[in-house]
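Structure assessment
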Amino acid sequence: MNVRVIKAVAFKEWKETTRDRLFLLLAFLLPVLWLVVFGYGLNLDVEEIPFAVVDRDHSALSRDYLYRFMQSRYFSFRGYAEDERALDRLLTETKIRAAIVVPQRFEEQLAAGQPVTVQTLLDGTFPLHTDIAKGYVIAINQVFTEERLIDFLRQTRGLTEEQASRLVRPLKVEVRYLYNEEVRSTWSMVPALVMFTLMLASPLLTALGVVREKETGSIYNIYSSTVSRAEFLAGKLLPYIAISIVNICVLWVLAVGLFHVPFKGSFVFFFLASVVFILCTTGIGLLISLLVQTQMAALIITMVVAMIPTILFSGLLVPVSSLTRGAKVQAHLYPAMYYTTIVRGSFLKGVGAGVLWIDLLALVVFATAMGGITYHLFTKRPKT
Amino acid sequence: MTARQRAARWGRRLAALTWKEVLQLSRDLPLLLFLLYSFSLSVLVSGAGITMQLHNAELFVHDADHSRSSRELIHRFQPPYFTLKGEIADARQGLRELDEGRAMMLLDIPPRFHEALMGGEGTAVQVLVDTTNAPQGLSAAGYTVRIAGAFGTDMGLASVGLSGTKATVPVVESAHRVWFNPNQDETWYQSISHVLRMITLFGVLLPASALVREKERGTVEQLLVSPVTPFQIMWSKVLAMSAVILIVTGLAVYGVLRPVFHVPMKGSALLYFLLTALHTFTTAGLGLVAATLARNQAQVGMMALFFVGPMLLLSGITAPFESMPRWVQTIMTLSPLRYYIDITYGVMLKGAGMDVLWKSVGAMVLLGGGLFAFGMWRFRRQFE
């Protein structure tokens, strides 16, 4: 390994990259814009579920009951419907995602101390949202039931309001949210988005950088020169690693400065882990570039390989613990999951190398493996 | 030469160019293999592997009471939502488990729990929830509040000789009917949405990359001096890539979705594939616009990343569209995927026909037409 040769290769690559103004602009702009767009725009909370109502009772109590849904921020009232057939139509057209049918004699039965059943129709196309909507309905019903019970006990047992309420609600739940005390979506999303943006941009830069030379044939200059394999690979990667390192710092500043996400961990550790992660992702790009012949294949394969497992298996949206075994194996084979743990740990939990060393180790192993594999795959004597 | 002969010649030229694209793609073996993988095995893994509903949330319990009531309460935390990981001796150890990510929740039951509950003086349990992943944490807390609330009411009523489940008290019971996916089978949602992602990614990238390739190598100049129009050059790429995507979509639907996950096709399959063709044309329009703005593959890749990323995350597959901020909803009217989601779930799960979908289809036609017109105008202007 000759430092001067590496420098020369890196310099050439740097020149080529910086002369492409549009590309250079996008390389720095993309992570910033993504973080801003997703940080402000991606709302994972299920809110404003559009719903309609069939009220068969038309009583004061049924209106009181339905009013609780209408004023909840989780639901958005879209009007009354005549009967269930009309609801059917609205659900099929996706005008509403939920419907509530209040039965006849709703008020009468409750006043007589009898249970009533309220039917809810839910759109099941997105099972997660269905499940959450179901939870909201149950919660509203529970509060309403408790109030009815308190009234009932006061009337039948002659208890005071306070006694009745203590009987109906004897158990309080004190919930403490850890690490993200106000449960802000942005706080949990933004650190993960730092991972997402780093994961996508750097392999693409690398893969295209190498395949371009293969496709245009300029790589034959390298084949016939005295540059060794390791020198070529190192020189090739350096500019892209440099771009990504700048992006790490920019993303960190944005997360802390713009989104006010607390950073509780050690910056040195975070930075170190990020650099190792960059080595992993550029390694993925390099590996793809060695396996394909055309830029088109490199572009598409890198995009899909970088994007899909990162959305699905990194813990960005779904925690890894709720994956099935096959998916879990895939998640563990991929560096994004480890880095997500490190980013969230460093930002929100304030844990450092003591806890996260194992994730860092996994990244180091991955980066080393990538280095070894690409070194062996890259040959200066291609069979054609 | 009559008009008919001219039209026939025009068609022949378009067909020849289209065939050239298909041939060129079929010779790119790595890309072809990857395309097949993306629409078969990859759909299988992500369809079966992910559950976003709260699933197996790891729960630790600190029970300082060890009474009948505390055991009864703990017993109500059941799979599939919770997995009881065990009891711990002191609360500090629980915090450590949370810190190191081995637990998602810690339930802390105070001493004299049973006594206080039975004596009618009221008590409280404490719950610590990891909210680094905000929606999941909220969901877990929601379930806990519901479980504990129902438990408390049951206990309170039992202590005065009433039973919360019998017909003697005024309670509102929830009956849910879930439509379109009655068992809330999440594999349907996951596998369909994976196919949506893949169609969109390939739909943008394949034509964009195919057009830029000609620009980068200069072969587009040769085409322009030959007796074909710019319209034919652009359309041949769109036709070839759309045909390829339709074929692999067929593979995904009839090779994976139907036989493996038993996803229904309630509406007309013909309508589904026609509208899928419309979607690929529209995404191809996006790709072509990017291709006319870019000069090389690296640029087009970055540009595609720039808008494909937001499209995939904000169009309504990963997060509910209704709860997105207004400005996101406005911007996403430009995303063809937004309409295609309604179309796919509508036709497959809801059995919707054109009478329901005409609005989405109309919007997509307008969008696709606009993109093509713009792309065409840019393409012509470049070479004049």
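As a convention, each chain's residues are numbered from 1 in the sequence order in which they are written. Chain A is the first chain written and ligand 1 is the first ligand written, with later ones labelled in order. It should be noted that, the model being predicted, local features are given only for residues of pLDDT at least 70 and side-chain atom pairs only at 80 or more, the latter also being counted only at that level, while totals for whole chains, interfaces and linings use all residues. No hydrogens and no water enter the side-chain calculation; it runs on all heavy atoms of the structure.

Residues and elements named next belong to chain A. Helix and strand assignments follow DSSP, with helices taken as H or I runs no shorter than four residues and strands as E runs no shorter than two, numbered in order from the N terminus. With respect to the secondary-structure elements, A10 resides in helix α1 (residues 3-19). Expressed as a C-alpha distance, the spacing of A10 and V329, which sit 319 residues apart in the sequence, is 36 Å. With residues up to four places along the chain from it excluded, the contact list for A10 reads G235, L238 and P239. Contacts between residues were defined by any pair of non-hydrogen atoms, one from each residue, lying within 4.5 Å.

The next subject is empty space enclosed by the protein. Detection works on a 1 Å grid of protein atoms alone, calling trapped sets that fit a 1.4 Å probe cavities and calling open sets with protein on both sides within 12 Å along at least five of seven lines pockets, with lining residues defined by an atom within 4 Å of a point. Grid points are joined across faces, edges and corners, and a volume is the space filled by probe spheres set on the points. Inspection of every chain in the model, using the stated rule, returns 4 cavities of 30 Å³ or more. Estimates place the volume of the largest cavity at around 140 Å³. Lining the largest cavity we find 15 residues, and of these A:L128, A:L317, B:M52, B:P135 and B:Q136 sit closest to its centre. Contributions of two or more residues to the lining of the largest cavity are made by α6 (127-157) of chain A together with α7 (134-159) of chain B. When its residues are assigned to classes, the lining of the largest cavity shows 10 nonpolar, 5 polar and no charged. Polar here means any residue other than Ala, Val, Leu, Ile, Met, Phe, Trp, Tyr, Cys and Pro, which are nonpolar, and Asp, Glu, Lys and Arg, which are charged; Gly is therefore polar.

With that out of the way, let us pick up the sheet that holds strand β3 (residues 105-109) of chain B. Sheet architecture is open: 5 strands sit in the order β5(A)-β4(B)-β3(B)-β1(B)-β2(B), paired in mixed fashion. Looking at which strands have only one partner, the edges of the open sheet turn out to be β5 (171-178) of chain A together with β2 (82-87) of chain B. The sheet shows a mean angle of 25° between the axes of neighbouring strands, taken without regard to direction. With 4 bridges connecting them, β3(B) and strand β4 (residues 123-130) of chain B associate as antiparallel partners. The partner of B:M105 across the bridge, within β4(B), is B:V129. Strands are treated as partners if at least two bridges between them are detected by DSSP. Orientation is described by axes fitted as lines to C-alpha atoms, over the contacting stretch for helices, and by angles from 0 to 180 degrees between their N-to-C directions.

Turning our attention to the pattern of salt bridges. The working definition used for a salt bridge is a side-chain nitrogen of Lys or Arg within 4 Å of a carboxyl oxygen of Asp or Glu. The full count for this structure, using the stated rule, is 37 salt bridges over all chains. Two residues, A:R212 and A:E16, come together in a salt bridge whose shortest N-O distance is 3.4 Å. Of the two residues, A:R212 sits in helix α8 (residues 185-216) while A:E16 sits in helix α1, which places them 196 residues apart along the sequence. Only protein chains enter the accessibility calculation, which uses a 1.4 Å probe; a residue is then buried when its area is under 20% of its type maximum, exposed when over 50%, and partly exposed in between. The exposure class assigned to A:R212 is buried, which follows from its relative accessible area of 18%. With a closest N to O distance of 3.4 Å, B:R112 and B:E115 form a salt bridge.

What follows is about unusual backbone geometry. Omega for the peptide link from B:P79 to B:P80 comes to 5°, which places this bond in the cis form. Among the structural elements, B:P80 can be located in the loop between α4 (68-75) and β2. Positive phi, normally seen in glycine, also occurs at A:H260, with a value near 55°. Mapped onto the fold, A:H260 is located in the loop between α10 (229-257) and α11 (267-291). Relative accessible area serves as the criterion here: at 55%, A:H260 is assigned to the exposed category.

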